[in-house]
Amino acid sequence: MATAFKTVEPLEYYRRFLKENCRPDGRELGEFRATTVNIGSITTADGSALVKLGNTTVICGVKAELAAPAVDSANKGYIVPNVELPSLCSTRFRSGPPGEEAQAASQFIADVIENSQIIAKEDLCVANGKLAWVLYCDIICLDYDGNILDASAFALLAALKNVQLPSVTINEETGLSEVNLKQKNPLIIRKHPVATSFAIFDDTLLIVDPTAEEEDLATGTVTIVTDDEGRLCSVHKPGGSPLTGAKLQDCITRAVTRHKEVKKLIDKVIKSIKPK
């Protein structure tokens with residue numbers, strides 16, 4: 001009977017749960033799904049991480065290449081993020097060029113990198129005006145069940161913390177670069193941005209970490225990104241229901257708490273990995 005009611009009136013079905021301050025999957029309104037992270041999953045990448053947020057599964061691989069820096073920023077390297085939502089992760093996506101949601105997610109990740117200063121691009125410079133590192137960050141969704149932005153940002157951060165770059169020197173006689181693969185150094189991670197997403201129900205009610213079903217029924221979504229010091233790096237609000245200042249402040253407070261949880265989880269996993 002409940003299944004039939006959910007099929008015919010999905011929004012009313014959810015409202016009955018939300019009135020009792022819970023959700024159909026048993027979570028409270030402010031409760032995240034179980035979160036796990038596996039670091040160093042892809043041996044062929046320079047850094048990688050697999051993140052599961054409930055059923056939503058995202059993998060991030062970082063590939064480092066050497067290139068000439070741009071003329072107007074001779075002492076900076078590049079970070080190039082790309083989010084893929086292939087048809088294998090959900091029936092809502094089609095094969096072919098990236099859809100609107102994938103492009104929006106890629107832009108969101110690019111904004112997070114820029115606004116949070118997760119890595120100082122000057123740290124990626126090898127030789128001023130001659131050589132710099134380019135980090136290609138490919139984030140691929142393997143299973144989509146909502147909240148792709150939180151999972152993608154988490155996977156990116158964990159993968160960057162796993163990156164080991166070989167030492168590079170420029171031979172003064174030949175002017176060519178010499179790469180020492182035996183001597184590798186980790187990236188300097190300046191900030192640890194963490195995203196926290198909320199779905200807005202009936203213009204007033206906020207629920208954290210929405211599933212795909214909850215996102216479809218919601219009247220809006222908002223994603224808050226905070227750093228180690230609880231500072232706001234980014235607010236992503238793609239239309240939908242407006243938020244009052246008080247509600248936004250509630251979101252920021254919850255995001256700061258979530259940041260501590262995620263940072264603790266990453267630190268625990270990294271500590272458990274024996275140095276290579």
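Figured I'd write up the structure that's included with this text. (Residues numbered from 1 in each chain as written. Predicted model: local features only at pLDDT ≥ 70, side-chain atom pairs only at ≥ 80, totals over all residues. Heavy atoms only, no water.)

### Topic: the packing of helix α4 (residues 148-162) against helix α6 (residues 245-272)
Item 1. In contact at an axis separation of 11 Å, α4 and α6 are set at 35° when each is read in the N-to-C sense. Helix-helix and strand crossings are classified by hand; for α4 and α6 the assignment is right-handed. Seen from α4, the contacting residues are F154, L157, A158 and K161; seen from α6, they are V262, L265, I266, D267 and I270.
Item 2. Split into classes, the residues belonging to the contact of α4 with α6 amount to seven nonpolar, no polar and two charged. (Axes fitted to C-alpha atoms, helices over the stretch in contact; angles between N-to-C directions. Helix = DSSP H or I, 4+ residues; strand = E, 2+ residues; numbered from the N terminus. Left-handed = near helix turned anticlockwise from the far one by under 90°. Contact = heavy atoms within 4.5 Å. Nonpolar A, V, L, I, M, F, W, Y, C, P; charged D, E, K, R; others polar.)

### Some details on the pattern of salt bridges
Opposite charge on two side chains permits pairing when their charged atoms draw close.
Item 1. One pass over the full model with this rule turns up 17 salt bridges.
Item 2. Where E229 meets R231, a salt bridge forms, and the shortest distance between an N and an O atom there is 3.0 Å.
Item 3. Of the residues examined, E229 reaches a relative accessible area of 53% and is grouped as exposed.
Item 4. Residue class for R231 comes out partly exposed when judged on its relative accessible area of 45%.
Item 5. The salt bridge partner of E261 is R258, with a shortest N-O separation of 3.4 Å. Taken together, the positions of E261 and R258, both in helix α6 and three residues apart, correspond to about one turn of that helix.
Item 6. Judged by its relative accessible area of 7%, R258 is buried.
Item 7. Because the salt bridges share partners, they merge into one network encompassing R23, D25, R27, R33, D145, D209 and E214. (Salt bridge = Lys/Arg side-chain N within 4 Å of Asp/Glu carboxyl O. Buried < 20%, exposed > 50% of the residue type's maximum accessible area, 1.4 Å probe, protein only.)

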